[in-house]
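Each chain, written out:
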Amino acid sequence: MTGATGSHRLATGTTRSNRLTVLGLTVPGLIGMAVSFLLPLLWLLRMSFNRGDSSGLIEETFTFDSYLQFLGDSYYWDMAWETTLLGLGVTAMTLVVSYPIALFLVRTESRFKGVLIALAVAPLLTSSVVRTYGWLVLLGNQGVVNQALLATGLIDGPLALINNKLGVYVSLVEIMMPYMILALLAGFGRFNPELEHAAQSLGANRWRTFWRIVWPLSMPGVLTGALLVFVLTISSFVTPRLVGGGKVFYLATEIYDQATETLNWPFAAAMAFILLGLFAIVIVLYQRALRRIEAQ
């Protein structure tokens, strides 16, 4: 009896020691998260309830004027809708372009497979600002694309490929491709080629095998990639600002303008939290879709 009691006390002491160890290892990270993320977020939330004016002055108060200004103006509703469409459109196009690449990288048995994967995600080593300027060079009136089309005689004059939505979409799709490819590669981890071979041995053709076997098994990676690309796209302001030439407006670019040009920090903060609310809605939808897939 005494031995059992001693063993219980020893186990309890070990459990407490493990909990203290875990707590000790977690506390520095929690403090860093609070200082670098939570406190600035709370400060931004408080700023959104102040009142700003065109002169840049900020009145310390507590009002919902900034939120009401956004919700009461159809211009900002249209901007929110355009931002959502941008996220959905770029996500869909990025998935269509990236999926075959990721599937090839998973299936290839080449000895250069590691090199190919590294090349696929290598653009992440370069700043998105640099890649955006690269697209300005490629898509400009004197750029490579227009000059090539003019040289072949397919067009009589340069096409308007920048300072519009088309250029923004094309640039963002290329910039977001590495993120989608990485997510898809992780999603293909559960893929077993034997399942594909079994389906084909039972009479399924390649398309039926793909839609019944490969696509469902890759859905977790597809959802993760879609979430990542959507969030990064609607929060991007450098590429829409530069490639759009100041003629294309989304929530992120408007937040930047309100904070740096109009100097209306309360309104910029309110718009930032509205955008954060859009993030929350997307994450909730992602979690529900993922649970549904896992349940199936």
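Above: the structure in question.
These numbers were taken from a predicted model, which means no experiment stands behind them. (Residues numbered from 1 in each chain as written. Predicted model: local features only at pLDDT ≥ 70, side-chain atom pairs only at ≥ 80, totals over all residues. Heavy atoms only, no water.)

A.B. asks: I'd like to hear about the overall build of the chain, residue by residue, with values.
C.D. replies: If you tally the helices and strands in the chain, you get 12 helices and 2 strands. Ordered by position in the sequence, the α and β elements of the chain form the string α-β-β-α-α-α-α-α-α-α-α-α-α-α. In terms of overall dimensions, the chain has C-alpha extents of about 95 × 70 × 30 Å along its principal axes. Split into buried and exposed, the 296 residues of the chain put 35% on the buried side. (Helix = DSSP H or I, 4+ residues; strand = E, 2+ residues; numbered from the N terminus. Buried < 20%, exposed > 50% of the residue type's maximum accessible area, 1.4 Å probe, protein only.)

A.B. asks: Tell me about the environment of K165, residues and numbers included.
C.D. replies: Looking at the secondary structure, you find K165 in helix α7 (residues 165-187). Residue K165 is classed as partly exposed on the basis of its relative accessible area of 39%. In the structure, K165 is positioned 83 residues away from V248 in sequence and 6.6 Å away in space, judged by C-alpha atoms. For K165, the contacting residues outside a window of four places in its chain are E82, V248 and Y250. (Contact = heavy atoms within 4.5 Å.)

A.B. asks: Please provide a residue-by-residue account of the nonpolar core, values included.
C.D. replies: One broad rule of soluble globular proteins: the nonpolar side chains tend to lie buried together. Counting residues in each nonpolar core, the largest one holds 52 residues, and the members touching the most others are V90, Y99, L184 and M271. If you list the elements that add at least two residues to this core, you get α3 (74-107), α5 (128-139), α7, α9 (206-234), α11 (251-260) and α12 (265-295). In terms of residue count, the dominant contributor to this core is α7 (11 residues). The residues touching M271, leaving out its near neighbours within four places in the chain, are F70, Y76, M79, L251, E254, I255 and Q258. (Core = buried A, V, L, I, M, F, W, Y, C linked by side-chain atoms within 4.5 Å.)

A.B. asks: Give me the pattern of salt bridges: which residues, what numbers.
C.D. replies: Counted by the stated rule, this structure contains 5 salt bridges. The partner of D257 in a salt bridge is R241, and the shortest N-O contact between them spans 2.5 Å. Here R241 lies in helix α10 (residues 238-243) and D257 lies in helix α11, a separation of 16 residues in the sequence. A salt bridge links E261 to R241, with the shortest nitrogen-to-oxygen separation between them at 2.7 Å. Placement of the pair is E261 in the loop between α11 and α12 and R241 in helix α10, with a sequence separation of 20 residues. (Salt bridge = Lys/Arg side-chain N within 4 Å of Asp/Glu carboxyl O.)

A.B. asks: I'd like to hear about the packing of α5 against α7, residue by residue, with values.
C.D. replies: The N-to-C vectors of α5 and α7 enclose an angle of 140°; their axes lie 10 Å apart at closest approach. In terms of axis orientation, α5 runs oblique to α7. By crossing handedness, the relation of α5 to α7 is classed as right-handed. Listed contacts from α7 to S128, R131, T132, W135 and L139 of α5 are G167, V170, S171, E174, I175 and P178. (Axes fitted to C-alpha atoms, helices over the stretch in contact; angles between N-to-C directions. Parallel < 35°, antiparallel > 145°, perpendicular 65-115°, else oblique. Left-handed = near helix turned anticlockwise from the far one by under 90°.)

A.B. asks: Before we move on, can you summarise empty space enclosed by the protein with the specific residues and values?
C.D. replies: Taken as a whole, this structure holds 1 cavity of 30 Å³ or more when the rule is applied. Within this model, the largest cavity holds a volume of roughly 30 Å³. Lining of the largest cavity is provided by P240, R241, G246, V248, F249 and T253. Residue composition of the lining of the largest cavity, grouped by class: 3 nonpolar, 2 polar and 1 charged. (1 Å grid on protein atoms, 1.4 Å probe; cavity = no way out; pocket = protein on both sides within 12 Å on 5 of 7 lines; lining within 4 Å. Points joined across faces, edges and corners; volume = space filled by probe spheres on them. Nonpolar A, V, L, I, M, F, W, Y, C, P; charged D, E, K, R; others polar.)

Just distances and angles here, no functional claims.
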